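Structure assessment
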Amino acid sequence: MLFEFDHFVRRIYTDGRPHDKEVGPLWMGDAIGKWEGDTLVADTVSFNDKTTLDREGYPHSDAMHLVERIRRVNHDSLEIDLTVDDPKAYTKPWEAKLNFQLRTDWKIMEHVCEDNVSFRGLINKATKKPAK
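Residues numbered from 1 in each chain as written. Predicted model: local features only at pLDDT ≥ 70, side-chain atom pairs only at ≥ 80, totals over all residues. Heavy atoms only, no water.

**Here we look at the packing of aromatic side chains**
Tallied over the entire structure, the rule returns 1 aromatic pair. Between Tyr90 and Trp94, the ring centres sit 5.7 Å apart and the planes meet at 75°, which makes this aromatic pair edge-to-face. Exposure remark for Tyr90: the relative accessible area of 19% places this residue in the buried category. Directly above the ring of Tyr13 sits Arg17, whose terminal nitrogen or CZ lies 3.8 Å from the centroid. (Phe/Tyr/Trp six-rings, centres within 6.5 Å; stacked < 30°, edge-to-face > 60°. Buried < 20%, exposed > 50% of the residue type's maximum accessible area, 1.4 Å probe, protein only. Lys NZ or Arg CZ within 6 Å of the ring centre and 35° of its normal.)

Here it is in structure tokens:
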């Protein structure tokens, strides 16, 4: 998986390997996938606790276990059913659903957190002050 934000790359290994017992806490976790019909089931562990689950700031700990069921509903729609099990952060596992639409006219652009303001033309590059 390639993410526009900070060029994150997430690998979901589908070659039958087990989770790596030697790997330390990771930003994207250690993801192992398998196919169940037309659904990719990704089982991910070994997260660090330095991120949140979303922009709202929902926390997670290094004990989080994430299971995603990823499938293409139709040509233009991707659906992800996820289960978060994190006994350090939540009293019980919880589920959510994400839906994505294919946007053939969108391009994955460069996005760097420290440069994002100037990237969007909001900073005058010569003065380093907000553009007028």
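**Points about the sheet that holds strand E5 (residues 77-85)**
Taken in spatial order, the 6 strands line up as E1-E2-E3-E4-E5-E6 in an open sheet, and their pairing is mixed. Pairing within the sheet leaves two strands with one partner each, and these edge strands are strand E1 (12-13) and strand E6 (94-101). Two elements, E1 and strand E2 (residues 30-36), share 2 bridges in a ladder whose sense is parallel. In the sheet register, Tyr13 faces E2, and the bridge partner there is Ile32. (Pairing = 2+ DSSP bridges. Helix = DSSP H or I, 4+ residues; strand = E, 2+ residues; numbered from the N terminus.)

**Some details on unusual backbone geometry**
Residue Ser46 is not a glycine yet carries a positive backbone phi of 65°. Here Ser46 lies in the loop between strand E3 (39-45) and strand E4 (65-74).

**Quick look at the side chain of Ser77**
The topology assignment puts Ser77 in strand E5. Ser77 sits in the buried class, given a relative accessible area of 14%. One polar contact links Ser77 to Gln101, side chain to side chain, over a distance of 3.1 Å. In contact with Ser77, other than residues within four places in its own chain, are Arg71, Arg72, Phe100 and Gln101. (Polar contact = N/O pair within 3.5 Å; in protein donor to acceptor, adjacent residues only side chain to side chain. Contact = heavy atoms within 4.5 Å.)

**Quick look at the environment of Phe8**
In this fold, Phe8 is placed in the segment before E1. Residue Phe8 is classed as partly exposed on the basis of its relative accessible area of 31%. For the pair Phe8 and Met28, spaced 20 residues apart in the sequence, the C-alpha separation amounts to 8.4 Å. Not counting the four nearest positions on each side in its chain, Phe8 is found in contact with Met1, Leu2, Phe3 and Met28.

**Brief notes about the pattern of salt bridges**
Applying the stated criterion across every chain yields a total of 8 salt bridges. Residue Glu79 is joined to Lys97 by a salt bridge in which the shortest nitrogen-to-oxygen separation is 3.6 Å. Placement of the pair is Glu79 in strand E5 and Lys97 in strand E6, with a sequence separation of 18 residues. A relative accessible area of 12% means that Glu79 is categorised as buried. Overall, Lys97 belongs to the partly exposed group, its relative accessible area being 46%. The structure contains a network of salt bridges with shared partners spanning Arg71, Glu79, Asp81 and Lys97. (Salt bridge = Lys/Arg side-chain N within 4 Å of Asp/Glu carboxyl O.)

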